[in-house]
Amino acid sequence: MAAWKVAFATGSRADYGIVRRYLALLEADPSVDLSILVTGALLDESFGSQVSLVEDDGFRIGARIPLPIDTSDDAAVTRCMAAALEGFAGCFAEQRPDLLMVLGDRYEMLSVAIAAAMQRIPILHIHGGEATFANYDEFIRHSITKMSLYHFTATEEYRRRVIQLGEAPERVFDLGALGAENCLFIDERDVPDEVRDLPERGYYVVLFHPETLSGVDVSSQIAEVLSACESFPGERFVFLGSNADTRSSEVRDAVFRFVASHPNACYFENLKTSAYHYLIKHSICLVGNSSSGLIEAPSLGAWTVNIGDRQAGRVRGSSVMDVPCSRAEIEEAMRDAKSLLAPSGAENPYYKPRCVQRYYETTFDLLERLDKDRGVAKTFFDLPIR
């Protein structure tokens, strides 16, 4: 039998880093012909040409779809989505994978999913059913769910929500979050000396993204975050690059100015997944509003100071300190994180043992039943109304 053609579409270092170990298992299976479809920030020079992360791992890149990334406003992001839709429409007309895998809720992934669904390519959606009330990721994620045939969710609560959206229960699997397990397998060969040389619990990691639906002013938010950092003149700060979201350039510009004027601060645009996990594991805490603060940092035994509403609606463990985007409250939480012992015993609601292996095994099961499932029209699964 010919190998199943499986494709994974990725547009950012974050979603690619989450699935690396899972992809490696698929790549090693002779019955799977895996390709990576690269787009978005991974191909953009201003974001460090992160496609090198994929190339260094040795995966076959099946397509490169560059996008005119402009995050100045929502209209510019919409034009980027239009370019992604056109590019992937052509890609899927030429390459017809048996199964397309997409993760999460990035705006370019919505275009990828539309292009695939319109050409009747089955989609496996990872990290559906979650809630992020302050971002357009919220409606993008649920839209991708409705175009997908199969679903891997990170918690049982999220599985129930996907079913609530009308997806058949036998096609929705609660397997845990890959990121929550990935952190336990840090390859120190991927950790650069600049990261390794940082003092143990002697620095804060700051990773902040815009809120895209809440209507709050992005520049004011990042100013509050950086003002809180100013309250710790003797501390080290490690800043990481913001996602390519609407007005993210304002966050990046403010961070660049801060780092340029503070000798105890540094910035990394491109870190391999193991280096990022190593950085968080040995830090005082992660400060910002990244989903990794809820999903990955707890497995690493690190506190998270989670700022604002970007992650509002997501499940979280006790190692996450939620604060409004206010200098005084951010500063107080950062001081608490430094004074407290690392939360090594904190529960991570996203962690399930053998997560990556279960992803691989379940994917293989789905491939074996794919011909039967795609031969039947997808219907809406109705829940009884109480």
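Residues numbered from 1 in each chain as written. Predicted model: local features only at pLDDT ≥ 70, side-chain atom pairs only at ≥ 80, totals over all residues. Heavy atoms only, no water.

With respect to helix α14 (residues 355-374)
- Of all the bends in α14, the greatest measures close to 50° and is centred on E368.
- Along α14, the residues that are buried comprise C355, V356, Y359, Y360, T362, T363, L366, L367, L370 and D373. (Bend = angle between axes of the 7 residues up to and from the residue. Helix = DSSP H or I, 4+ residues; strand = E, 2+ residues; numbered from the N terminus. Buried < 20%, exposed > 50% of the residue type's maximum accessible area, 1.4 Å probe, protein only.)

Structural notes on the environment of D187
- Among the structural elements, D187 can be located in the loop between α7 (178-182) and α8 (193-196).
- Sequence separation between D187 and R358 is 171 residues, and the spatial gap between their C-alpha atoms is 21 Å.
- A polar contact is formed between the side chain of D187 and the side chain of R189, at a distance of 2.8 Å. (Polar contact = N/O pair within 3.5 Å; in protein donor to acceptor, adjacent residues only side chain to side chain.)

Regarding the sheet that holds strand β8 (residues 203-207)
- Spatial strand order, β10-β9-β8-β11-β12-β13: six strands in an open sheet with parallel pairing. The open sheet terminates on both sides in strands that have one partner only, identified here as β10 (265-268) and β13 (320-323). Across the sheet, the mean angle separating the axes of adjacent strands is 20° when strand polarity is ignored.
- Sheet analysis places strand β11 (residues 285-288) next to strand β12 (residues 303-307), joined by four bridges and oriented parallel. Counterpart to V287 in the pairing with β12 is V305.
- The strands that helix α10 (residues 248-261) touches are β9 (236-240) and β10; relative to β10, the one it contacts most, it runs at about 140°.
- Lying over the sheet, helix α11 (residues 273-281) contacts β8, β9 and β11, oriented at roughly 130° with respect to β8. (Pairing = 2+ DSSP bridges. Axes fitted to C-alpha atoms, helices over the stretch in contact; angles between N-to-C directions. Contact = heavy atoms within 4.5 Å.)

Quick notes on the packing of helix α9 (residues 218-230) against α10
- Across the interface, α9 lies against α10 with an axial gap of 9 Å and an inter-helix angle of 25°. Taken together, the axes of α9 and α10 lie roughly parallel to each other. As α9 runs across α10, the sense of the crossing is right-handed. Residues V218, S219, I222, L226, C229 and E230 of α9 touch α10, and the partners they reach there are E250, V251, A254, V255 and F258.
- Among the residues making up the contact of α9 with α10, the classes are represented as eight nonpolar, one polar and two charged. (Parallel < 35°, antiparallel > 145°, perpendicular 65-115°, else oblique. Left-handed = near helix turned anticlockwise from the far one by under 90°. Nonpolar A, V, L, I, M, F, W, Y, C, P; charged D, E, K, R; others polar.)

Structural notes on the packing of aromatic side chains
- This structure, assessed with the given rule, holds 14 aromatic pairs.
- Centre to centre, the rings of W4 and F364 are 5.6 Å apart; their planes meet at 90°, and the pair counts as edge-to-face. One end of the pair, W4, is in strand β1 (residues 4-10); the other, F364, is in helix α14, with 360 residues separating them in the sequence.
- Exposure remark for F364: the relative accessible area of 24% places this residue in the partly exposed category.
- Connected via pairs of aromatic rings, a cluster forms that spans Y204, F232, F237, F239 and F258. (Phe/Tyr/Trp six-rings, centres within 6.5 Å; stacked < 30°, edge-to-face > 60°.)

Considerations on unusual backbone geometry
- We note that R120 has phi near 55°; this positive angle belongs to a residue other than glycine.
- Tracing the backbone through its elements, the reader meets R120 in the loop between α4 (107-118) and β5 (123-126).
- The class for R120 is exposed, based on a relative accessible area of 68%.
- Even without a glycine there, the phi angle at H127 is positive, about 75°.

The values reported here are purely geometric and, on their own, carry no functional implication.
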